Amino acid sequence: MPNDIPSVTPVLRTIPRDQHTISRKDISASALRVLYRLREGGHEAYLVGGAVRDLLVGGSPKDFDVATSATPEEVKSLFRNCRLIGRRFRLAHVVFGREIIEVATFRANVDDGSGDRETHEGGRLLRDNVYGTIEDDAVRRDFTANALYYTIDDFSVRDYLGGFEDVQNRVLKLIGDPETRYREDPVRMLRAVRLAAKLDFDIDPATAAPIRALAPLLSEAAPARLFEETLKLFLSGHGVASFKGLERHGLLKAMFPEAGAAMEANRSGALRAVVLEGLRGTDARVAADEPVSPAFLFALLMWPAYCRTLMTLQAQDVPPADAQRRAADRVTVHELATIAVPRRFSLPMQEIWLLQSRFGLRQRKRVMRMIAHPRFRAAFDFLQVRQAGSDEHAEDIAFWREAQLDPDMAIAHSPMDDWEGDGDDAQRTPRRRRRRRPVTTG
Ligand code: ATP
Ligand code: MG
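Cut-offs applied
Residues numbered from 1 in each chain as written. Chains lettered and ligands numbered in written order. Predicted model: local features only at pLDDT ≥ 70, side-chain atom pairs only at ≥ 80, totals over all residues. Heavy atoms only, no water. Salt bridge = Lys/Arg side-chain N within 4 Å of Asp/Glu carboxyl O. Helix = DSSP H or I, 4+ residues; strand = E, 2+ residues; numbered from the N terminus. Buried < 20%, exposed > 50% of the residue type's maximum accessible area, 1.4 Å probe, protein only. Pairing = 2+ DSSP bridges. Axes fitted to C-alpha atoms, helices over the stretch in contact; angles between N-to-C directions. Near = heavy atom within 4 Å. Polar contact = N/O pair within 3.5 Å; in protein donor to acceptor, adjacent residues only side chain to side chain. Areas by Shrake-Rupley, 256 points an atom, 1.4 Å probe, with all protein chains shown as cover. Nonpolar A, V, L, I, M, F, W, Y, C, P; charged D, E, K, R; others polar. Parallel < 35°, antiparallel > 145°, perpendicular 65-115°, else oblique. Left-handed = near helix turned anticlockwise from the far one by under 90°. Contact = heavy atoms within 4.5 Å. Expected span 1.5 Å × (residues − 1). Core = buried A, V, L, I, M, F, W, Y, C linked by side-chain atoms within 4.5 Å. Domains from an automatic or database assignment. pLDDT = per-residue confidence, 0-100.

Peer 1: Which parts of the structure should I look at to understand the pattern of salt bridges?
Peer 2: Pairing between side chains becomes possible if they bear opposite charge and their charged atoms approach one another. Enumeration according to the criterion identifies 24 salt bridges in this entry. The salt bridge involving R181 is made with E184; its shortest N-O contact spans 3.2 Å. Taken together, the residues R181 and E184, both in helix 6 (residues 178–184) and 3 residues apart, mark about one turn of the helix. The class for E184 is partly exposed, based on a relative accessible area of 26%. In this structure, a network of salt bridges that share partners links the residues R53, D54 and K198.

Peer 1: What should I look at first to understand the pairing of strand 5 (residues 91–96) in this one?
Peer 2: The side chains of a regular strand alternate between both faces of the sheet. Most of strand 5 is tucked away, with 5 of its 6 residues classed as buried. Where strand 4 (residues 82–85) meets strand 5, 4 bridges bridge the pair, whose relative direction is antiparallel. The residue bridging R83 from the neighbouring strand is H93, located in strand 5. Linking strand 4 to strand 5, which pair antiparallel, is a turn of 5 residues; within it G86 sits at a positive phi near 80°.

Peer 1: Got a minute to help me understand the sheet that holds strand 3 (residues 65–68) in this structure?
Peer 2: Across a sheet, strands are paired by hydrogen bonds formed along the backbone, either parallel or antiparallel in direction. Taken in spatial order, the 8 strands line up as 1-12-11-2-3-6-5-4 in an open sheet, and their pairing is mixed. Lying at the two open borders of the sheet, with one neighbouring strand each, are strand 1 (13–15) and strand 4. Ignoring which end each strand starts from, the neighbouring axes of this sheet average 30° apart.

Peer 1: Looking at this structure, how should I read the site of ligand 1?
Peer 2: Within the structure, ligand 1 sits among 17 residues, and R53, K62, D185, R194 and K198 are positioned closest to it. One nitrogen or oxygen atom from the main chain of G50 is found 3.3 Å from an oxygen atom belonging to ligand 1. For ligand 1, the protein covers 83% of the area, taking 580 Å² as the surface of the free molecule. For the shell around ligand 1, the element with the highest residue contribution is helix 7 (residues 187–199), accounting for 5 residues. Looking at the shell around ligand 1, its residues break down into 1 nonpolar, 3 polar and 13 charged.

Peer 1: Please clarify how helix 15 (residues 294–301) should be interpreted in this entry.
Peer 2: Since the α-helix advances by 3.6 residues per turn, residues separated by three or four positions end up pointing in the same direction. The element helix 15 is largely enclosed, with a buried count of 8 among its 8 residues. Every buried residue of helix 15 is listed here: P294, A295, F296, L297, F298, A299, L300 and L301.

Peer 1: Where do I start with the packing of helix 14 (residues 270–287) against helix 15 in this structure?
Peer 2: How two helices sit against one another is set out by the angle between their axes and by the gap between those axes. Taken N-terminus to C-terminus, the directions of helix 14 and helix 15 make an angle of 160°; their axes are 9 Å apart at the nearest point. The angle between helix 14 and helix 15 falls in the class roughly antiparallel. Where helix 14 crosses over helix 15, the two elements pack in a sense that is left-handed. Every residue of helix 15 that contacts helix 14 at V274, V275, G278 and L279 is listed here: L297, L300 and L301.

Peer 1: It is not clear to me how helix 21 (residues 394–405) should be interpreted in this structure. Could you clarify?
Peer 2: With 12 residues, helix 21 ought to run about 16 Å at 1.5 Å a step, and its terminal C-alpha atoms sit 17 Å apart, in line with that. Looking at the buried side of helix 21, the elements it contacts are helix 19 (364–372), helix 20 (376–386) and helix 22 (407–413).

Peer 1: Any chance you could explain the nonpolar core here in plain terms?
Peer 2: Grouped burial of nonpolar side chains is what soluble globular proteins tend to show. In terms of nonpolar packing, the biggest core is built from 102 residues, with L47 and W353 touching the most fellow members. Take this core: its biggest share by element is 8 residues, from helix 7. In this structure, this core is formed jointly by two domains, domain 1 (13–169) and domain 2 (260–413), each of which donates at least three residues. If near-sequence neighbours (up to four positions away) are discounted, W353 is found in contact with F298, A299, M302, W303, Y306, A328, V331, T332 and F382. F359, V367, F380 and F399 belong to the second-largest nonpolar core, a separate cluster that totals 14 residues.

Peer 1: Help me out: how do you make sense of the pairing of strand 2 (residues 45–48) in this one?
Peer 2: With burial as the criterion, each face of strand 2 is covered, one bearing A45 and L47 and the other bearing Y46 and V48. Taken together, the 4 bridges between strand 2 and strand 3 define a ladder with antiparallel strand orientation. The partner of L47 across the bridge, within strand 3, is V66. Alignment of strand 2 against strand 11 (residues 148–150), held across 2 bridges, turns out to be antiparallel. Counterpart to V48 in the pairing with strand 11 is Y149.

Peer 1: What's the story with the confidence of the model for the chain in this structure? I'm lost.
Peer 2: Detail in the predicted coordinates should be disregarded across regions flagged by low pLDDT. Of all residues in the chain, 88% have pLDDT values of 70 or greater, and the mean over the chain is 90. Counting contacts from residues 112–126, a segment whose pLDDT is below 50, to residues more than four positions away or on other chains yields 19 contacts. Every residue in residues 417–434 scores below 50 in pLDDT, and together they form 23 contacts with partners more than four places removed in sequence or on other chains.

This is how it looks when you write it as structure tokens:
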């Protein structure tokens, strides 16, 4: 087991209040109360991590984390509204209504050589959860930009690893030897891409260099963590940038092997165009504060895999409805091997796919049933996204747009309402519309 401690020496640089842009009014009142209370209790306490980084670049942090010299039990004794969570990493959550301030005791990343992550000694968990100094705590973090500490003593920022300058230069730099740090935790590769996308930072060349070769390690990461990370990558308003970053660093295929392979095999680029269009729409919704759904996101990300699997099955003459069902199931099962998508999302994801084949059906009864389907709206949005890959959906889109407002009018207007009765196709597949074609690219 390699030593977990990166070979870096923390050297303190204090950035005084007049040399940085963090103002108390931008910090959550709850976080400030936690900081003051801990200080009054005689402990060291700092705002740390993403909040400090985001404030320095003028962003508004979504959560505020505190690092302290107080043990979790000491934190608990100071706050009535505090609960301790986690067994291995004991953390204190101080709860203010809907806001939770996470308070973590300074930790060190040490290897006791036992290889046993659960070993106890003197009330401490060894190996990756030994309490330490602020220097230890800085060194075990991932990027220098994430290892900055803001104090209410004099409102300065403490920087042990050059993170302040890296933030000014908008660069993400791993602390310590990049390869070692990725091997310790492969999810850091995704964090690099995600934070670069979110902050519009560059990834330092030495930090970026090992990613492509180490990308396969992601398959060993915990599927539940990959699910959470996927949501953060794509549902935080910078999905397009995340996607391109993952692509650029060879991580897309590691995360989504089947979808990646399908996009690569798709010469026209239509499948990729659909995914990017969908992500663009998702980013716009986030920017407009509109809700976004994991089911729709996964339907989008896995769409290339679904299309490819479906085409394979259709080439084997599996009947369409059967082929769709089987393709949906197959892609879902394969996907779950890497990313733990809960059923409450994977089921509607499949429905969105399966409904795509029903947009060609124009019988009144079917139209009414389709519009009433709980997933109709998502499926229709999805159909619109598919236009980025193919112009053959325009007529369906026009029909269903009108059908939502006035189904009878739409059916009357539909140029396809002549299918019934004559025509060979209609006779062969009497319940299907003549022009119906298999789902192909886009
Ligand atoms: P965001 O909140 O925008 O997702 P963040 O940097 O705050 O970004 P969190 O997951 O909230 O991300 O983590 C808080 C802090 O914990 C980070 O800033 C970093 O210092 C540390 N951290 C998080 N994940 C890791 C990791 N995998 N390895 C080392 N340190 C980490
Ligand atoms: Mg955070």
